[in-house]
Amino acid sequence: MRVKITVKGIVQGVGFRPFVYRNAISHGLTGYVRNRGDAGVEILLEGTKSALTAFLKDLQNQKPPQARIHEIIKKDLNGKNEYAQFAILESSEEVEHSGSVVPPDSAICSDCLRELRDPTDHRFDYFFITCVNCGPRFTIIERLPYDRANTTMREFPLCGFCLKEYEDPVNRRFHAQTVACPTCGPKAYLTTRTGRAVIVQDPVREAGKLLSKGNIVAVKGYGGFHIASSVTLKEPLLRLRESKHRNAKPFALMARSLEAVESFAEVNPKEQELLTSPARPIVLLDKKPQYDLSELVAPNLHNVGVMLPYSAMHYMLFDQVSDRAFVMTSANPPNEPIVKGNEEAIRILGGNVDYFLFHDRQIAHRCDDSVTRVHVDRNAFIRRSRGYAPAPIMLNQKAKRCAIGLGGELNNTSCVLNEDKAFISQHIGDVENLSTRGFLKEATTHLIRLTNSRVEAVACDMHPKFTTTHLAKELAEKNGWQLIQVQHHHAHVAALMAEHSTDEIVGIACDGYGYGTDGSAWGGEILHCTKRSAKFKRLGHLEPQPLLGGDVATRYPIRIAAGMLSKRTSINDWLMQHADDLPHGKAEAILIESQLKTQAQRIPQTTSLGRVFDAAAAILGICYERTYEGEAAMKLESEAVKGKDVLDMASVICRDTIDTTQMLLSVYENRDKYSKSDLSYSVHTYLANGLATLAAEKAVDLGVGTVGFTGGSSVNGLLTKIMRKVVEAEGLRFLVHESVPSGDGGVSLGQAVVGGFCRF
Ligand SMILES: [Zn+2]
Ligand SMILES: [Zn+2]
């Protein structure tokens, strides 16, 4: 018999061809295997029927750990057998199928780590040791097929030793495109902040020692630069905060080992699984009571973001120091993408660091670290990037049309929906300026090319002024694609439905801001959505509240609190007491009061849950100025986890609106009677109960069996826990995100599925 098999999925760059080779040989089959230009693998087999059956069974059951098979296409061939043996052929440039993709970057495997530490091994102490099972992939691939010549490893021709391994079918580095050694591979080197070489024997370990002594070092990783420092010394941390213009935003850490993490943070089994997984995300962990790292790392938060080393270089940083962890924060200037080039790094970061730890391999694609959080035993992505992107989210049906989603404005990603696979890009960031817009365009184009997608529609937000809306219009016009605008919270709910293969849902979508169908600011929404319809119904929402001063109100939560409270009580004294917490002092306090009195009708309104959290945080003295996205909400949750419900308020629901003024007033009136923690907890209880009760009621009325929670606020573990209880008590199913970001990083997926599945 002769057959031609095409395998689609993540099958290039994961040791698939060597696996096929060994499998074919073991069953006595002849023919060939080769990579294709569309990221698939093509296999031609000649042999007996029973051998072929056995081969196919092993293909599914014994595939390499990083491989994902999405589809096997089998075609019987006529004619006589042609092959006397089985071989791995040169890759073909042929592009026929679509939807396969390159694998994400993967952390160093245990075999490579063992060799790194073995003095008799050829790659002993080599910072860039990798094999067919580990190392960078997505961040080094410029084009397909995945051959060394198409990656940034092409500048490093293999030495005799590496070549021998590369060509040996039984070797772990057989056709491993990142294979390299101290003789032929990339080199690490240390420089001063101006790029002047610092000549040392062992640049990586020297960098570790510099960090330990209090220096700030920019370290080049797989997808970009990190800025690293000590986690206990005050001086470099203060300097880092100043230079990054981050007064309070928490820094992520890299810890030397799991034991080290456990000395300052709680780690449950699910968190341990994530920390040690090949994706090596940053996991937000609860601080232990005996947490003893500097308070400057994650100020006023109950949790801290931690990852484990993902490359040999990272492991080696800790070799000659006793530090349990280093700060490892993404090197990106405000609103700009993560820095990836060596010269770019000196230009942009030189003023803020003491040293650079470089290597001389180029980064093809930027890719920030992923950030995740565990709710009980569920994974909640805050950012899905390195280690995950661009692996697709699998849907249960093929889309009607190939659509891309360009996302929103902040924390953005883009998404390519091709048949039953949704490819979400790496984290792009806030696309407000030219360089991030360029990054979005480049990342999306690359993703379309990698997946060989023939795009028919482009979906974007409804906001008329978003950069992404302009870009979508431009692309639609230029390429003749259909343009589809999707409401922000509808996109959140659509993403949740797609992730869980649900056709109908009552979705609770809460966050800081989304442009509503009426042009006003939404953010505490209950929507009825179905998979087939591009329309949705707004069933309910939080009470609209005044947003005095627009963006200024978002920055200074006292304004929101004042606006809400002034509906029911006089806030004059309170505002004056807090005049110093406003940027313009007393004059501003007086102005706020008079505007609330005289212009009440003209102040824009918002139904945002985030803004209610802001107001509560201001009243409780937890946050007067928001210096990073979600700051007040995060700090309020950090207080709440230590508290209990003391207000015991029943939800005040008037028709389809959940009252928030009364609750805030109670917090205000009781602020001296109860602790911050108890009142923070009570705010959570009230809002979660109100939203979940109204959503469940609507679901029962409509005969819909599922209620879901999505949007940036659904990262909040306490809200989620309370809502789940209310919804499940009604006998309904409760859904939250597990493999897609809950916040705006998931919007592009929602847009793409509305664009790809709905009737228009
Ligand atoms: Zn390895
Ligand atoms: Zn070599």
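Look a little higher up for the structure.
Calculation notes
Residues numbered from 1 in each chain as written. Chains lettered and ligands numbered in written order. Predicted model: local features only at pLDDT ≥ 70, side-chain atom pairs only at ≥ 80, totals over all residues. Heavy atoms only, no water. Pairing = 2+ DSSP bridges. Helix = DSSP H or I, 4+ residues; strand = E, 2+ residues; numbered from the N terminus. Axes fitted to C-alpha atoms, helices over the stretch in contact; angles between N-to-C directions. Parallel < 35°, antiparallel > 145°, perpendicular 65-115°, else oblique. Left-handed = near helix turned anticlockwise from the far one by under 90°. Contact = heavy atoms within 4.5 Å. Buried < 20%, exposed > 50% of the residue type's maximum accessible area, 1.4 Å probe, protein only. Core = buried A, V, L, I, M, F, W, Y, C linked by side-chain atoms within 4.5 Å. Donors = N, O, S within 2.8 Å, 3.2 Å for Na, K, Ca; no water. Tetrahedral: all angles 85-135°; square planar, octahedral: opposite > 155°, others 65-115°. Phe/Tyr/Trp six-rings, centres within 6.5 Å; stacked < 30°, edge-to-face > 60°.

**Q** Lay out the sheet that holds strand β22 (residues 482-486) with the relevant residues and their values.
**A** If you trace the six strands from one edge of the open sheet to the other, you get β17-β20-β19-β18-β21-β22, paired in mixed fashion. Every interior strand has two partners, whereas the edge strands, β17 (393-394) and β22, have only one.

**Q** Explain the packing of helix α21 (residues 676-702) against helix α22 (residues 717-729) residue by residue, including any values.
**A** Two elements in contact, α21 and α22, have axes separated by 8 Å at closest approach and are oriented at 40°. Between α21 and α22, the angle is such that the two are oblique. Taken as a pair, α21 and α22 cross one another with a handedness that is right-handed. Between α21, through Y681, H684, T685, A688, N689, L691, A692 and T693, and α22, the contact on the second element is made entirely by L718, L719, I722, M723, V726 and V727.

**Q** Help me get a handle on the pairing of strand β21 (residues 457-461), residues and values and all.
**A** A large share of β21 lies buried, amounting to five of its five residues. With five bridges joining them, β21 and β22 adopt parallel strand pairing. Pairing of A457 across the sheet is with Q482, part of β22.

**Q** Explain the nonpolar core to me, and be specific about the residues and the numbers.
**A** Residues F16, V20, I43, L45, F55, L59 and L357 are the most contacted members of the largest nonpolar core, which totals 97 residues. If one sorts the elements of this core by residue count, helix α11 (residues 434-450) sits on top with six residues. Ignoring sequence-local partners within four residues, the contact set of L59 consists of V7, F16, F19, V20, N23, I43, I69 and I72. In this structure, I526, A617, A618 and L718 belong to the second largest nonpolar core, which totals 70 residues.

**Q** Kindly report on the coordination of the zinc ion (ligand 1), identifying the contributing residues and their values.
**A** Ideal values differ by geometry: the angle at a metal is 109.5 degrees with four tetrahedral donors, but 90 or 180 degrees with six octahedral donors. Surrounding the zinc ion (ligand 1) are the protein donor atoms C109 (SG), C112 (SG), C131 (SG) and C134 (SG), at 2.3 to 2.4 Å. Every donor counted, the four donor atoms about the zinc ion (ligand 1) form angles of 104 to 117° at the centre, which fits tetrahedral coordination. Between consecutive donors of the zinc ion (ligand 1), the numbers of intervening residues give the motif C-x2-C-x18-C-x2-C.

**Q** Could you give me a rundown of the packing of aromatic side chains, with the residues and numbers involved?
**A** For the coordinates displayed, the defined rule picks out 15 aromatic pairs. Aromatic pair Y21 and F86: ring centres 6.2 Å apart, planes at 65°, arrangement edge-to-face. One end of the pair, Y21, is in helix α1 (residues 16-26); the other, F86, is in strand β5 (residues 86-88), with 65 residues separating them in the sequence. You'll find Y21 and F86 in the same group, each marked buried. Consider the rings of Y21 and F174, whose centres lie 6.1 Å apart with planes at 55°: the pair is tilted. On the criterion of sequence distance, the pair formed by Y21 in helix α1 and F174 in the loop between α4 (160-166) and β6 (188-192) is long-range, its members being 153 residues apart. On the basis of relative accessibility, which here comes to 4%, the residue F174 falls in the buried class.

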